[in-house]
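# Descriptive structure summary
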Amino acid sequence: MSTTEYTGASTAASVYVRPTTAIPYHGSREMADTAPASALPTRSRGMRDLLPGEMAAFRRAEDAFRAAAARWGYEEVRTPTIERYSLFTLAGTLTPQMLSRVYTFLDWDGWSGERVVLRPDSTIPVVRAAEEAGLPLPARLSYVQPRYRYSHDGEEGELWQGGLEYLGAPPLLGEVEVLAVGCETLEALGFAPVVRLAHVGVARALLETVAAGDEAKRQELTDRLAEEGLAALLPQLSSQHASFAALALEEGDGPGFLANLRALAADGLAAAVPALEELESMVETLGASGRRSVIALGMPCDFEYYEGAVFEFSARDAVWGRGGRYRPPLGRCRTACGLGLELSALAAALATGRAAPPPAVVPETAADLPRALDVLRRIHRAGLSASLEASAAANVVAVHVGPHGLRLEADGATVPVSSLEELISVLAQQK
Amino acid sequence: MTVKLALPTGDNRAAVAAILREAGLPTEGYDPSSRLLRAHFAEHALAVRIFRERDIPVQVALGNYDAGICSAVWVLEESIRFPRQDLRVLGMLPGPVVGVWLAAAPVAGLDLATLPAPEPGLRLVSEFPNLADAVAIRLRWPAYRLFPLYGSADAYPPEDADFALLAAPSAADVEQLGLVPLVEVVRSPLVLVVNRRALAARDLTPIIGPLKRLLGELPPGLAIPAGLPLRPMQRCQRRTDVVRLALPDGHAQRHTFEALRDAGITFDGYGEKSFVRRPRSDIPGLEVKVVRPQDMPAFVARGAFDAAVTGVDWLRDHLARFPGSPVRMALDLGRSRYKIGPVVDKAFPAETTAEALRVWWGLGRPVRIASEYPALAEDFARRFHLPAAVIMPINGASEGFVPEDADILIEGSETGTSIRANGLKMLDPFLESTNCLIVREPALTARRDVLARFLAQLEAGVPAPAGA
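Residues numbered from 1 in each chain as written. Chains lettered and ligands numbered in written order. Predicted model: local features only at pLDDT ≥ 70, side-chain atom pairs only at ≥ 80, totals over all residues.

## Quick look at the sheet that holds strand β13 (residues 336-342) of chain A
Residues and elements named next belong to chain A.
- The mixed open sheet is built from 8 strands, whose spatial order is β3-β7-β8-β13-β12-β11-β9-β10. The open sheet has two edge strands with one neighbour each: β3 (75-76) and β10 (292-295).
- Packing of helix α5 (residues 173-188) onto the sheet brings it into contact with β8 (158-167), β9 (194-199), β11 (306-315), β12 (318-326) and β13, and relative to β13 it is tilted by some 15°. (Pairing = 2+ DSSP bridges. Helix = DSSP H or I, 4+ residues; strand = E, 2+ residues; numbered from the N terminus. Contact = placed C-beta atoms within 7 Å. Axes fitted to C-alpha atoms, helices over the stretch in contact; angles between N-to-C directions.)

## Describing unusual backbone geometry
- A cis amide bond links Leu137 of chain A to the next residue, Pro138 of chain A, at an omega of -5°.
- Structurally, Pro138 of chain A can be placed in the loop between α4 (123-133) and β7 (139-148).
- Backbone torsion omega between Pro157 of chain B and Pro158 of chain B reads 5°, so that peptide bond is classified as cis.
- Along the chain, Pro158 of chain B falls in the loop between β8 (145-148) and β9 (163-168).
- With phi around 50°, Ala143 of chain B is a residue other than glycine that occupies positive phi space.

## Structural notes on the domain arrangement of chain B
Residues and elements named next belong to chain B.
- According to the domain assignment, chain B consists of domain 1 (3-96 + 188-214), domain 2 (99-186), domain 3 (243-337 + 434-460) and domain 4 (340-431).
- Taken over C-alpha atoms, the centre of domain 1 sits 25 Å from the centre of domain 4.
- In this complex, domain 1 contributes 11 residues to the contact, which on the side of domain 4 involves 8 residues.
- At 3 residues, strand β3 (residues 46-51) tops the list of elements feeding residues into the side of domain 1 that touches domain 4. (Domains from an automatic or database assignment.)

## A closer look at the domain arrangement of chain A
- We note that the domain assignment places domain 1 (52-350) and domain 2 (360-430) within chain A.
- With centres defined by C-alpha atoms, the gap from domain 1 of chain A to domain 2 of chain A works out at 52 Å.

## Thoughts on the pairing of β9 of chain A
All names here are of chain A.
- Most of β9 sits inside the fold, with 5 of its 6 residues counted as buried.
- Of the pairings in the sheet, the one linking β9 to β10 comprises 4 bridges and is parallel in character. Paired with Val194 across the bridge in β10 is Arg292.
- Alignment of β9 against β11, held across 6 bridges, turns out to be antiparallel. The residue bridging Ala198 from the neighbouring strand is Val310, located in β11. (Buried ≥ 20, exposed ≤ 12 C-beta atoms within 10 Å, placed from the backbone.)

## Remarks on the sheet that holds strand β16 (residues 398-402) of chain A
Residues and elements named next belong to chain A.
- With mixed pairing, the 5 strands of this open sheet are ordered in space as β15-β14-β16-β17-β18. With partners counted over all chains shown, the strands left at the sheet margins are β15 (387-388) and β18 (413-417), one partner each.
- Here strand β14 (residues 360-363) runs beside β16; their pairing, made up of 4 bridges, is parallel. Counterpart to Ala360 in the pairing with β16 is Ala398.
- Here helix α12 (residues 369-381) sits on the sheet in contact with β14, β15 and β16, set at roughly 160° to β14.

Quick look at the structure:
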């Protein structure tokens, strides 16, 4: 083996070692940002692994949502992970801040200049799919799929949502139906949701008082409303409207709070009154149906996107989903109501660790394997779980399959089992 | 400890040399006439490496260099797309300031301090694609199309783009290019940019100390003035009653001129060394435009041009990235011949690619490949199963990357002189590049007769292969 010392033009010395087979070569410097090839690459930043305990919790949340949506007549759809970037710029419903956080790249036919994007939002693709397929309206559509957006903290790159799009939803009925599905989902998961309600008509009326005729200002404040909520307008408002805005930034419940707001709006903010009346109808309907709601007009909302009532589902000091009345940005449908429940967050809240392993079926010899497989088939047909194992692990119920029949091992004791029927009966009791 | 400093080649070289002199830093080998790519000044604890300006923020962000001096726009171009990169601008430096302008062709009917009313499908070309993206997003252009360029952005409006986002010192300079400046979105002075981790952990006083008194405030970011009036604009469609031909500027121009001349074709305004953007053609039905050869395959694929004279290298890089592209080579012109292959340090213990593979496979860390042909570099890494290869797209001054900043350079060389002069060697070349005429299939022009006659005439001027 020969060794060659090399310094070359580099300021740092490099050593090449030339063995007969493997040749370790370290180059002139270590890479700053890249792990060695021998290290296991970690998952991509912002993306998620769902490990067994989390996956089970995710399925719980997903199943609860799917069941609630199906009970209300929603049909499930799924849209592609990759969409055309222009779909979202054409729709004009994502703010510049959101658009600057999408995962965009050139597809294999990127020579055309058409970029694609990892779905940053599901509403626009679902509306597109319904339009492209010519689905009859009204249409009740549900979906469970992730959306992808870059976030500086790396926490929200991939977020799974359970969502509804009620295309052509009638006024009031649409809102209360969508709200009911959201509440039923959360209640099935053991939450006691409170519906926080707002209306873009209120923000829009206030915005008009400060940005009428000034498109640039309107655009800037519209973007800030999406990020900061009604508070973004406070410094701009005249004293005439400041008292209304101050009350609107409070949270209140019941028709009394809305009546106070309406009284203040009557003085120079008449454009907000229909929105407040609409909210009043919703609050009364929700209350009469046993749902808790509060008025939270200060909540951030993208009102390039929404056009009516907007809402959040709040429980355990967190928000688990959002929705509202919107005007679909494409196609025939003129109005719709939708929601998105944060299934990733719900799954994280529900995760309780890994479930206990199922009973093990253990063939004692190689000749017992066919019989063990038959036992497993019978157990599975009975709707029970069991796995095939080479040996019994501690603290796991085991069914030994041997030349002398079946033996059940549990809690440190092993007892013979006379028949498969008896075995299944015992396993069913232990489930 | 030595501080590693990245400095620009190109137009700003003289200005940066003046800054270094003013700061009392060494400038030997950094004169505009020098061809040196690196220097080490032990008494100043400084190692200097020369890059194309747009590569400097990338190299500083990677941590290959502790600090760099370049135009602010290149830092912004990098950080606006990758905000988590470890880049920190310490301040402006004295020297030339350029603006980045949104510009349109006069036929668009727009004026200074106006903007187009948003409408679907506006086309924007730029050497600053990340900045251009941010501009289009902020202006809320629906379904806009962005075409990244290597250069010559001023050539594209109005036929091949509605707008160009380009650098120019002033509005008057934009007008000199034949465009109407609409709005300046970035003011770009020279800046000192440092790696954030190096700043936090290493003593960078050999560079920060001398430059400190020259540092000004932080440069402005992307800013589009609010409240500019929105105007409807006139947009051009490509004509299909002509054949649109693209010819190259830069190094490829001389070879192209010779190929045309030998075929008896001349265009007024396209000489051996000089050109205008739109040379006049005496061939009825043939329009000519001069652009960068690197950008041609994509624009031919889109149908903006029916034919273009570019290099086989750029065509192959394009096809490696987009195998379904409708571009194909119609005629090999046989000039501007050079070999492309993996280039390594002269002392690298292998003379062939096969020998080198054992070294690269035994590295135990990613193999770093720098290239102006990123798709060819990807293809090379795939074909030879290089483990976890990291591809670094670069923009020139490429011989300086190996061995410090890259293990392999995928590079073209005509005689090998430059490679040898920089202490490098080429292993087995995998592509011989010549200049060639590329076309789109199917052609979009209705004048396929004109295209066929032009092709035949050009072919008649191609010298017979040696030995034929």
